[in-house]
Amino acid sequence: NTLFAILFGIFILLIFGFFTFHHMKLLFDGHDLVILNNEGFYDYSSAISTKDQLIKWTDVRDIALTSIGGKLFVSIEVENFDELLKSQNAMSKKAIRLNNKIGYKDINITMQNAKGMDANDLAIIMQDYHAKYGNSINYEAGELKHLKDL
């Protein structure tokens with residue numbers, strides 16, 4: 001029991017240390033959180049983000065706002081979930097799969113460290129890009145605005 005408690009404590013410490021380090025790095029690095037272009041987007045917003053993997057607009061199934069733990073995220077569902085996981089490290093794969101199992105979408109972009117833009121603004125812009133360059137889905141911006149107060 002004591003050995004298990006020590007190992008479990010070390011495991012939790014490593015996980016929280018990893019996420020804390022990444023969060024602090026984002027605060028001071030000044031790196032772009034999300035990069036959009038007419039081909040797709042890159043997500044650098046969290047420790048489990050897709051980073052240098054281009055997510056093509058044609059591979060995006062849905063873009064919506066989601067409240068996770070009281071924070072608003074831009075949530076993206078992709079066509080080929082297994083392809084998304086291929087380029088991720090082991091920790092990211094587990095976290096993404098866990099998010100999926102509890103009902104969240106494949107990619108969840110946090111705007112917590114963003115300056116001058118919130119999740120609602122990003123979702124509207126991403127939906128515009130997706131409608132123009134992706135699968136021709138018409139989004140209602142008004143549907144997003146009521147979620148802003150979640």
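Everything below is about the structure printed above this text.
The text that follows walks through the structure, step by step, so that each part is easy to find. (Residues numbered from 1 in each chain as written. Predicted model: local features only at pLDDT ≥ 70, side-chain atom pairs only at ≥ 80, totals over all residues. Heavy atoms only, no water.)

A separate point is the pairing of strand β4 (residues 60-68). As paired strands, β4 and strand β5 (residues 71-78) are joined by eight bridges and run antiparallel to one another. The partner of Leu65 across the bridge, within β5, is Val74. Taking the residues between adjacent antiparallel strands as the criterion, β4 and β5 are bridged by two residues, where Gly69 takes a positive phi near 60°. (Pairing = 2+ DSSP bridges. Helix = DSSP H or I, 4+ residues; strand = E, 2+ residues; numbered from the N terminus.)

Quick look at the sheet that holds strand β2 (residues 40-43) now. The strands that make up a sheet are held in pairs by hydrogen bonds between backbone atoms, and each pair lies either parallel or antiparallel. Strand order in the open sheet formed by three strands is β1-β2-β3, with antiparallel pairing between adjacent strands. Of all the strands in the sheet, the pair left with one neighbour each is β1 (34-36) and β3 (55-56). As paired elements, β2 and β3 share two bridges and run antiparallel to each other. In the sheet register, Phe41 faces β3, and the bridge partner there is Ile55. Taken strand by strand, helix α4 (residues 119-133) contacts β1 and β2, and its axis lies near 30° from that of β1. (Contact = heavy atoms within 4.5 Å. Axes fitted to C-alpha atoms, helices over the stretch in contact; angles between N-to-C directions.)

Let us look at the packing of aromatic side chains. Counted according to the given criterion, the structure contains four aromatic pairs. Taking 5.4 Å as the distance between ring centres and 40° as the angle between the ring planes, the aromatic pair formed by Phe41 and Trp57 counts as tilted. A residue pair is termed long-range when its members are at least 10 positions apart, and Phe41 in strand β2 and Trp57 in the loop between β3 and β4 qualify at 16 residues. The class of Trp57 is buried, set by a relative accessible area of 0%. The structure contains a cluster of three or more aromatic residues connected by ring pairs, namely Phe41, Trp57, Tyr129 and Tyr133. (Phe/Tyr/Trp six-rings, centres within 6.5 Å; stacked < 30°, edge-to-face > 60°. Buried < 20%, exposed > 50% of the residue type's maximum accessible area, 1.4 Å probe, protein only.)

This part is about α4. Over its 15 residues, α4 extends 21 Å from the first C-alpha to the last, a length consistent with the 21 Å expected when each residue adds 1.5 Å. Taken residue by residue, α4 has Ala119, Asn120, Leu122, Ala123, Ile124, Met126, Gln127 and His130 as its buried positions. Two or three places before Asn120, at the opening of α4, Asp118 has a side-chain oxygen 3.2 Å from that residue's backbone nitrogen. (Expected span 1.5 Å × (residues − 1). Polar contact = N/O pair within 3.5 Å; in protein donor to acceptor, adjacent residues only side chain to side chain.)

Ranked by size, the top nonpolar core spans 20 residues in total, and within it Phe41, Val74, Ile76, Ile107, Ile109 and Met126 carry the most contacts. Contributions of two or more residues to this core are made by β4, β5, β6 (107-110) and α4. (Core = buried A, V, L, I, M, F, W, Y, C linked by side-chain atoms within 4.5 Å.)

Moving on to empty space enclosed by the protein. Tallied over the full model, the rule gives one cavity of 30 Å³ or more. Size it by volume and the largest cavity reaches roughly 60 Å³. Elements represented by at least two residues in the lining of the largest cavity include exactly α3 (90-101) and β6. Of the residues assigned to the lining of the largest cavity, the class counts are three nonpolar, four polar and two charged. (1 Å grid on protein atoms, 1.4 Å probe; cavity = no way out; pocket = protein on both sides within 12 Å on 5 of 7 lines; lining within 4 Å. Points joined across faces, edges and corners; volume = space filled by probe spheres on them. Nonpolar A, V, L, I, M, F, W, Y, C, P; charged D, E, K, R; others polar.)

For the structure on display, the rule yields five salt bridges. Across the pair Arg61 and Glu79 runs a salt bridge whose closest N-O atoms are separated by 3.4 Å. Of this pair, Arg61 sits in strand β4 while Glu79 sits in the loop between β5 and α2 (81-86), and the two are 18 residues apart along the sequence. The partly exposed category is assigned to Glu79, whose relative accessible area is 37%. (Salt bridge = Lys/Arg side-chain N within 4 Å of Asp/Glu carboxyl O.)

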